[in-house]
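# Structure at a glance
These are the residues of each chain, in order.
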Amino acid sequence: MSSYVYTAVRTPFGRFGGALAGARPDDLAAGVIEALLARAPGLDRAAVDEVVWGNANGAGEENRNVGRMAALLAGLPTSVPGTTVNRLCGSSLDAAMIGSRAIETGDADVVLTGGVESMTRAPWVLPKPAKGFPVGNVTAVSTTLGWRLVNPRMPEEWTVSLGEANEQLQDKYRVGRERQDAFAVRSHRLAAAAWDEGFYDDLVAPVEGLTRDEGIRPDSSPEKLAGLKPSFRKDGTITAGNASPLSDGASAVLLGSEAAAERIGLEPVARIAGRGAFALDPQAFGYAPVEAASIALKRAGVTWEQVGAVELNEAFAVQSLVCVDAWGIDPEIVNTKGGAIAVGHPLGASGGRILGTLAKVLRERGERWGVAAICIGVGQGLAVVLENTEVAA
């Protein structure tokens, strides 16, 4: 049995402290679920077998199983179960992978997947003392991004910042500042053009008055980016201009079996043909999509020569370029509608974004095979191969 993507939708992605700063993450998640189900008006809500939802933080308003909370807030019957997945940046892609497996094994027929993150509203936390009223100061720790409350048993080289980890990647693979900046400019240019051409009109549901991704800078240029100071090393190459910004947003993808088409009231747009996960040293996470994609392609029985479109989450320009170089593919098939450097990277929502975007790009370009891939902090990567059902043999 195969699993299929039937439809996908996301919110516009807001900048940190921007238009979505007042929106609770559970409300963002509920809203995108409502928008997804509105695209399948004939689907009996009680026929959703499972909600599988991604979220990287879980420490704030999205606590206590945000997948279940969002389903309830969206008005799904209380009989529809829900779970929350945390694989950091890959959480919503992992949710889709889990949902597709449930369908392929016959455990489910219709699965609603997605993810949410409000990096703006991620709380500060205090370590809980073994005894009350500790003597001395206690430091509040931000849960917005990266390591916090680190176990002292972890080797120091594993727990460097995400930026430092990618500077180390640059040290190894020699992807210079100029090339990184050019890649970032391309991301903004393509994202702006995709919005102007209407590509995102049916992939994005407005929320909180925001109708377009907030972080896109159409006027970005190599000259402007060259003037930015390095963010992580005095002599480094990574800046605020060639890395993804902190963001808020949600995404959702409706999966089903082939037989579910009648119940859903839609025809599937893509088949999930292969899945891959890979892990290596935590600080080398930026390279992990390379092998994750190779695993997914092998399981799909597809080679890179057959792939016509790639959606690679742009956590950092250097990380993205290293992956593209390792795959040996034409860079022009990668992120043709812009990527996370421009669109934004709300951690738990990004996997659903790239999967939904890939399905539509395959349709638009008439390509049969595509790869969605994402790097994940603490040394992991995920990838999914999609087959365009319009051109499947």
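Now for a look at the structure at hand. Here, residues in each chain are numbered from 1, in the same order as that chain's written sequence. Two thresholds apply to this predicted model, a pLDDT of at least 70 for residue-level local features and 80 or more for giving and counting side-chain atom pairs, whereas whole-chain, interface and lining totals are computed over all residues. Derived side-chain values reflect all non-hydrogen atoms in the structure, with water molecules and hydrogen atoms excluded from consideration.

### A short note on the packing of aromatic side chains
Centre distance and the angle of the planes are the two values used to describe a pair of aromatic rings. Whether two aromatic rings pair depends on their centres lying within 6.5 Å, for rings of Phe, Tyr and Trp, where Trp uses its six-membered ring; planes under 30 degrees apart make the pair stacked, over 60 edge-to-face, and the rest tilted. Throughout the structure, instances matching the rule amount to four aromatic pairs. Aromatic side chains Phe199 and Tyr200 sit 5.1 Å apart centroid to centroid with 85° between the ring planes, which places their arrangement in the edge-to-face category. Burial classes: relative accessible area under 20% of the type maximum marks a residue as buried, over 50% as exposed, and values in between as partly exposed (1.4 Å probe, protein chains only). For Phe199, a relative accessible area of 3% corresponds to the buried category. Judged by relative accessible area, which is 1%, Tyr200 ranks as buried. Judged by centre distance (4.9 Å) and plane angle (40°), the ring pair of Trp304 and Trp327 falls under tilted. In this pair, Trp304 is assigned in the loop between helix H8 (288-300) and strand E10 (307-312) and Trp327 in helix H9 (residues 317-327), connecting sequence segments 23 residues apart. Both residues of the pair, Trp304 and Trp327, count as buried. An aromatic cluster is present here, built from Trp195, Phe199 and Tyr200 joined pairwise through their rings. A run of H or I in DSSP becomes a helix once it reaches four residues, and a run of E becomes a strand once it reaches two; helices and strands are each numbered from the N terminus.

### Considerations on the environment of Gly14
Structurally, Gly14 can be placed in strand E2 (residues 14-15). Considered as a pair, Gly14 and Val48 are 34 residues apart in the sequence and their alpha carbons are 29 Å apart. Pairs of residues are marked as contacts when any of their non-hydrogen atoms sit within 4.5 Å. The contacts of Gly14, once residues within four sequence positions are left out, are Leu20, Leu210, Glu214, Leu246, Ser247 and Asp248.

### Remarks on the packing of helix H4 (residues 162-173) against H9
In the contact formed by H4 and H9, the axes pass within 9 Å of each other and the chain directions differ by 40°. Between H4 and H9, the interaxial angle falls into the category oblique. Here H4 and H9 pass one another in a crossing that is left-handed. Every residue of H9 that contacts H4 at Asn166, Leu169, Gln170 and Tyr173 is listed here: Val318, Gln319 and Val322. To define axes, lines are fitted to C-alpha atoms, for helices over the stretch in contact only, and angles between the resulting N-to-C directions are given on a 0 to 180 degree scale. Any angle from 65 to 115 degrees is called roughly perpendicular, while one under 35 is roughly parallel, one over 145 is roughly antiparallel, and all others are oblique. Crossing handedness is read from the near helix: turned anticlockwise from the far helix by less than a right angle, it gives a left-handed crossing, and turned clockwise, a right-handed one.

### Observations regarding H9
Along an α-helix, residues three or four positions apart point the same way, because every turn accommodates 3.6 residues. Burial analysis of H9 places nine of its 11 residues in the buried class, which makes it a mostly covered element. Taken residue by residue, H9 has Ala317, Val318, Gln319, Ser320, Leu321, Val322, Cys323, Val324 and Trp327 as its buried positions. Looking at the buried positions of H9, the neighbouring elements they touch are H4, helix H5 (177-196), H8, E10, helix H10 (340-343) and strand E11 (369-376). With its phi angle positive at about 70°, Gly328 sits one or two positions after the end of H9.

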